[in-house]
Amino acid sequence: MQTFTRLYPDRAEGLSAVDVASDLPGPIPDGRPFMCLNMIATADGRATVKGRAGTIANEADYQLFHATRARMDGILVGAETIRVESYGRAINSAEARERREREGRPADIVTVVATRSVSLPSDVGLLKAKQNVVVMLTPSPDAELSDGAAATVRYLRDEDMVAGVRRLRTEHGLESIVCEGGPNLNATLLPAGVVDELHLVYAPKLAGGKDPLTILTGPELDPPIELELITLHESGGYIFCRYGVRTATG
């Protein structure tokens, strides 16, 4: 098990990923889920290397990634991220599932996939795990997956992504969500004011490359969204920043 050192607001050593994530989620807003955005980037700002975010991470990031999931009711992720990263069972640790059940919560959480076309192959890991409940958040009035998914699949159809996020609270009972990107989805949610926190990991790596993909695509934000540092941790040379998003009003 990797350990973390908290550097801010006060110093503490020997923390586990479960310790770091223990006070999540934050306060639940009225009318929508609490949402934190979980991303990783190299020191020169790349969100992927060779097309994947997983190649940037270390073991501590992997453990905190899953510890954060285990504190939430659901995951929100774009379809392209599923195509690239495949995913699997949402809560992949028996220990985490047992801990959730001791706390009176379901062992597994819901995965919400933001997709325009619902064109995911049924053999990706997310859809192969029979324990998963997957909600397709889509503007399409009738598109559905082809047969073959072992997971339980439901559909939430809304032309407005932000309205769909609010409906995840009112119609699916999700009070807290961790959004795992990608950058196009981030660019929709952040300016709309429905993201409460940004959890950003800085990897001690330089990747270079022309026109690198960053954690946020889309037009320039004017004015920029301001962030407020909540906690700062370190493990294995990686820096784990938890920011409050000051403009979260949606």
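Refer to the structure above for everything that follows.
The sections below set out a description of the structure shown in this document. Quick caveat, the model's predicted, so the values are computed rather than measured.

## Topic: unusual backbone geometry
Cis peptide bonds are those with omega within 30 degrees of zero, and the linkage from Tyr-8 to Pro-9 qualifies with 10°. Structurally, Pro-9 can be placed in the loop between strand 1 (4-8) and strand 2 (12-15). Between Leu-24 and the following residue, Pro-25, the backbone shows a cis peptide bond with an omega angle of -5°. Secondary-structure assignment places Pro-25 in the loop between helix 1 (17-20) and strand 3 (34-42). Not every positive phi belongs to a glycine, and Tyr-87 is a case in point at roughly 70°. Inspection of the secondary structure puts Tyr-87 in the loop between helix 3 (79-85) and helix 4 (94-102).

## Some points on empty space enclosed by the protein
Following the criterion strictly, the structure yields one cavity of 30 Å³ or more and no others. Size it by volume and the largest cavity reaches roughly 180 Å³. Considering the residues around the largest cavity, the lining is formed by 16 residues, among which Val-20, Leu-64, His-199, Phe-240 and Arg-242 are closest to the centre. Contributions of two or more residues to the lining of the largest cavity are made by helix 2 (59-69), strand 9 (197-203), strand 10 (227-235) and strand 11 (238-245). With four residues, helix 2 is the largest single contributor of residues to the lining of the largest cavity.

Cut-offs used in this document
Residues numbered from 1 in each chain as written. Predicted model: local features only at pLDDT ≥ 70, side-chain atom pairs only at ≥ 80, totals over all residues. Heavy atoms only, no water. Helix = DSSP H or I, 4+ residues; strand = E, 2+ residues; numbered from the N terminus. 1 Å grid on protein atoms, 1.4 Å probe; cavity = no way out; pocket = protein on both sides within 12 Å on 5 of 7 lines; lining within 4 Å. Points joined across faces, edges and corners; volume = space filled by probe spheres on them.

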